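Structural features, examined
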Amino acid sequence: MISREELENIIINYGKRMGEKNFTPGYSGNISCRYGDGMLITTSGSSNGYLKREHIVYTDYDGKSLEEGKKPSSEKLLHIEFYKIRPDVNFILHVHAPYLSTFASAGKALDEPVMAENVFYFGAIPLAEYGLPSSTELVKNTAKYFDKYDAVLMANHGFIVGSSTMDDAYMKLELAESYAQVVLFTNLLGGAKPLSEEQAKEVLALRG
């Protein structure tokens, strides 16, 4: 098992990278990973781009802090539900990246097969109905997509992605944000020209 110190380094380094990319502005977003019999997650009120070790807390799978004086992110239950549904997921990023958040705030899913690469990696990025941040309603509305999708937009909120490794979760975040930007810009040129159903199936078949 990877040590806590190594996992904290991964969280801190990728938090900084996301901050530099403006994927997680200000105090927005949170990061977690599986650890022991629970998870490590960023603390409430911390900034992903400026994390220190004291900004990471160990919780159980009920969301209870196992470290005195450290309060986990208010979105802890969303992370926990993702882990419960997807045993293959070890790292989760929840961000408010500008282009992805634009689609979330406009109530638009990224589910059209516009770019072959994104069809291959995501299939689609669905939009979960709005739920008050940190609420059980938000968890319920979003979690119903976790069994089939690695990434989900949350209406009027942001974006969440999970994967077996932090590298892959982050790369999928980059891909999704770029995808949202491309789709948005195609509207300036009259709208995207999606792949046909048959072309999309051909791309998905490349997964093997």
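Structure report, in brief. Model, not experiment: these values are computed from the prediction.

Helices and strands together make up the secondary structure of the protein, namely seven helices and seven strands. Rg of the C-alpha trace for the protein: 17 Å, near the compact-globule value of 17 Å for 208 residues, within the 12% margin. Seen through its C-alpha atoms, the protein measures out along the principal axes to roughly 55 × 35 × 30 Å. Classification of the 208 residues of the protein by burial places 48% in the buried group. Taking the contacts inside the protein whose residues are at least 6 apart along the sequence as the reference set, 64% of them involve residues at least 24 apart.

Between the first and last C-alpha of helix 1 (residues 4-20) there are 24 Å, a value that for 17 residues agrees with the 24 Å anticipated at 1.5 Å per step. Considering only its buried residues, helix 1 is in contact with strand 1 (30-35), strand 2 (38-42), strand 3 (56-60), strand 4 (91-95) and helix 6 (166-186).

Time to look at the packing of helix 3 (residues 98-106) against helix 6. One can describe the packing of helix 3 onto helix 6 by two numbers: an axis separation of 7 Å at closest approach and a directional angle of 60°. With respect to their mutual orientation, helix 3 and helix 6 come out oblique. Of the two elements, helix 3 crosses helix 6, and the hand of that crossing is left-handed. Contacts from P98, Y99, L100 and F103 in helix 3 reach L173, A176, E177, A180, Q181, V183, L184 and F185 in helix 6. Of the residues in the contact of helix 3 with helix 6, the class split is ten nonpolar, one polar and one charged.

Summarising burial for strand 2: five of the five residues are buried, a large majority. The sheet contact formed by strand 1 and strand 2 spans four bridges and is antiparallel. Its bridge partner being in strand 2, Y35 is matched across the sheet by G38. Hairpin remark: strand 1 followed by strand 2, antiparallel, with two residues in the connecting loop; positive phi at G36, about 55°.

Quick look at the side chain of N30 now. Structurally, the position occupied by N30 is in strand 1. Of note is the side chain of N30, whose polar atom sits 2.7 Å from the side chain of H79. Residue contacts for N30: discarding those within four places in its chain leaves T42, N48, S73, E75, H79, I92, L93 and H94.

What follows deals with the pairing of strand 3. In terms of residue burial, strand 3 counts as a mostly covered element, since five of its five residues are buried. Side chains I56, Y58 and D60 project from strand 3 onto one buried face, and the interleaved V57 and T59 project onto a second face that is buried too. Pairing of strand 2 with strand 3, which is carried by five bridges, proceeds in the antiparallel orientation. Each bridged residue has a counterpart across the sheet, and for G38 the counterpart in strand 3 is D60.

Time to look at the nonpolar core. Residues L93, L100, L110, I125, L153, F159 and L173 are the most contacted members of the largest nonpolar core, which totals 55 residues. With eight residues, the single largest contributor to this core is helix 6. Beyond its immediate sequence surroundings of up to four residues, L93 is in contact with M18, N30, I31, F159, I160, V161, M166, A169, Y170 and L173.

A separate point is a nonpolar patch on the surface. A grouping of F185, L188 and L189 is seen on the molecular surface, where their side chains present a nonpolar patch of about 400 Å² in accessible area. By the element assignment, L188 lies in the loop between helix 6 and helix 7 (197-205).

This paragraph deals with the sheet that holds strand 2. The mixed open sheet is built from seven strands, whose spatial order is 3-2-1-4-7-6-5. Lying at the two open borders of the sheet, with one neighbouring strand each, are strand 3 and strand 5 (127-128). Two elements, strand 4 and strand 7 (residues 158-163), share five bridges in a ladder whose sense is antiparallel. Bridging from a neighbouring strand, H94 pairs with I160 of strand 7.

Procedures and definitions
Residues numbered from 1 in each chain as written. Predicted model: local features only at pLDDT ≥ 70, side-chain atom pairs only at ≥ 80, totals over all residues. Heavy atoms only, no water. Helix = DSSP H or I, 4+ residues; strand = E, 2+ residues; numbered from the N terminus. Rg over C-alpha atoms; globule rule 2.2 N^0.38 Å. Buried < 20%, exposed > 50% of the residue type's maximum accessible area, 1.4 Å probe, protein only. Contact = heavy atoms within 4.5 Å. Expected span 1.5 Å × (residues − 1). Axes fitted to C-alpha atoms, helices over the stretch in contact; angles between N-to-C directions. Parallel < 35°, antiparallel > 145°, perpendicular 65-115°, else oblique. Left-handed = near helix turned anticlockwise from the far one by under 90°. Nonpolar A, V, L, I, M, F, W, Y, C, P; charged D, E, K, R; others polar. Pairing = 2+ DSSP bridges. Polar contact = N/O pair within 3.5 Å; in protein donor to acceptor, adjacent residues only side chain to side chain. Core = buried A, V, L, I, M, F, W, Y, C linked by side-chain atoms within 4.5 Å. Patch = residues over 30% accessible without salt bridge, like charges linked within 9 Å, V, L, I, M, F, W, Y side chains within 5 Å. Areas by Shrake-Rupley, 256 points an atom, 1.4 Å probe, with all protein chains shown as cover. Salt bridge = Lys/Arg side-chain N within 4 Å of Asp/Glu carboxyl O.

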